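Summary of the model geometry
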Amino acid sequence: MVDWQSLYNKGMEMLVQYAPKVLLGIITLILGFWIVKIVVKLTKKAMIKAKVEESLVDFISNLVGILLKVMVIISVASMLGVKMTSFIAILSAMALAVGLALQGSLSNFSGGVLIIILKPFKLGDFIEAQGFTGIVTSIQIFHTILRTPDNKTIIIPNGPLSNGNIMNFTMEDKRRVDITFGIGYDDDFRKAKDIIMDVVNNHEKVIKDPAPFARVGELGDSSVNIKMRIWAKTADYWDVYFDVMETVKLKFDENDITIPYPQRDVHIFNQNQ
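Residues numbered from 1 in each chain as written. Predicted model: local features only at pLDDT ≥ 70, side-chain atom pairs only at ≥ 80, totals over all residues. Heavy atoms only, no water.

Details of the side chain of N225
Stated formally: Numbering goes from the N terminus for both helices and strands, where a helix is a DSSP run of H or I of at least four residues and a strand is a run of E of at least two. Residue contacts follow a heavy-atom distance rule, with two residues in contact if any of their heavy atoms lie within 4.5 Å.
Structurally, N225 can be placed in strand 9 (residues 224-233). Not counting residues within four places of it along the chain, the set of residues in contact with N225 comprises T180, F181, G182, R215, V216, G217, E218 and G220.

See the structure below:
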């Protein structure tokens, strides 16, 4: 027969013995995580004030937060009477199991470290990587976040990102703008070339050194293609591209220079004759 009185006494004894520790552990855990949050904020502010590179701020802040939370959990376990040797052994076993299960995440972490060290890009750079193009808005421990020109958010794991090809459009302070203008075979290509050069030479955002270039680059099936190469500051690239394209088209229209449609000559033979 169950001795309910004995069970009750045993339960009350355990409650008296462990309840204060559990309560203290819960309070310590909540307070510790709150302090960690404050420390992370202060760390981030200190790095910003010290003018640490922006890409490092989020990465180091996240890393500091994780390490401090692990320390809080270890402290709480110690308060609850868990022996540190046993706890460390358990943590080691868990770390091994988690490591095997999260090999991809560990690869992403190491990839994030490589990105921070090698700096193939930084916050605000416009890059193309892993089939996506966008502005780098955040470099975190496990992934990098891009914002596309049409305002979509792309999250790319750091592992594949650090091992793949990266095209950085904004690393250099200037870029070359390449545009091809097709004109008709009956049009005066010298006049067309002069119009193009006049437009680019009078555009305030076109860099004059290296000098603008415009030459016949191809004799196409239905057009003479004039290749234009000019340089602009990286920040002005698209302004220059669209301004020059539109202005040249308007100037061509004013000077009766045609931009031909693709054409084919079709010959029909009457086989009955």
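Back to the text.
Considering the pairing of strand 1 (residues 126-129)
So the rule is basically this: Think of it in three bands: residues with accessible area under 20% of the maximum for their type are buried, residues over 50% are exposed, and the middle band is partly exposed, with areas taken using a 1.4 Å probe on protein chains only. What makes two strands pair is DSSP finding at least two bridges between them.
Judged by which residues are buried, strand 1 turns out to be one-sided: I127 and A129 face inward and are buried, whereas F126 and E128, on the alternate face, are not. In terms of strand pairing, strand 1 meets strand 2 (residues 132-139) through 4 bridges, oriented antiparallel. The partner of I127 across the bridge, within strand 2, is G134. The hairpin formed by strand 1 and strand 2 contains 2 residues between the paired strands, and Q130 there has a positive phi angle of roughly 55°. As paired strands, strand 1 and strand 5 (residues 166-168) are joined by 3 bridges and run antiparallel to one another. Counted as the bridge partner of A129 is I166 from strand 5.

Section: the pattern of salt bridges
Basically, it comes down to this: Criterion for a salt bridge: a side-chain nitrogen of Lys or Arg within 4 Å of a carboxyl oxygen of Asp or Glu.
A complete count under the given rule lists 5 salt bridges for this structure. Here K122 makes a salt bridge to D125, at a shortest N to O gap of 3.3 Å. In this structure, D150 and K152 form a salt bridge, with 3.6 Å as the shortest nitrogen-oxygen distance.

Brief notes about the nonpolar core
The cut-off we apply is this: Nonpolar core, defined: a set of buried Ala, Val, Leu, Ile, Met, Phe, Trp, Tyr and Cys residues in which side-chain atoms within 4.5 Å join the residues together.
One finds F181, I196, M228, I230, V244 and F252 to be the most contacted residues of the largest nonpolar core, which totals 23 residues. Listing elements by their share of this core, those giving two or more residues are strand 6 (174-183), helix 6 (189-201), strand 9 and helix 7 (237-254). At 6 residues, the largest contribution of residues to this core is made by helix 6. Once residues lying within four places of it in the same chain are set aside, the contact partners of F181 are I196, V224, N225, I226, M228, V244, M245, V248 and F252. Among the nonpolar cores identified, the runner-up in size contains 14 residues, and L123, A129, I141 and I156 belong to it.

Quick look at the side chain of N108
Spelled out, the test is: Here a polar contact is taken to be a pair of N or O atoms separated by no more than 3.5 Å, where protein atoms must pair a possible hydrogen donor with a possible acceptor and residues adjacent in sequence count only if both atoms sit in side chains.
Within the secondary structure, N108 sits in helix 4 (residues 103-118). For N108, the side chain forms a polar contact with the main-chain nitrogen of G159, separated by 2.9 Å. If we ignore the near neighbours within four places in the chain, the residues touching N108 are I141, F142, P157, N158, G159 and P160.

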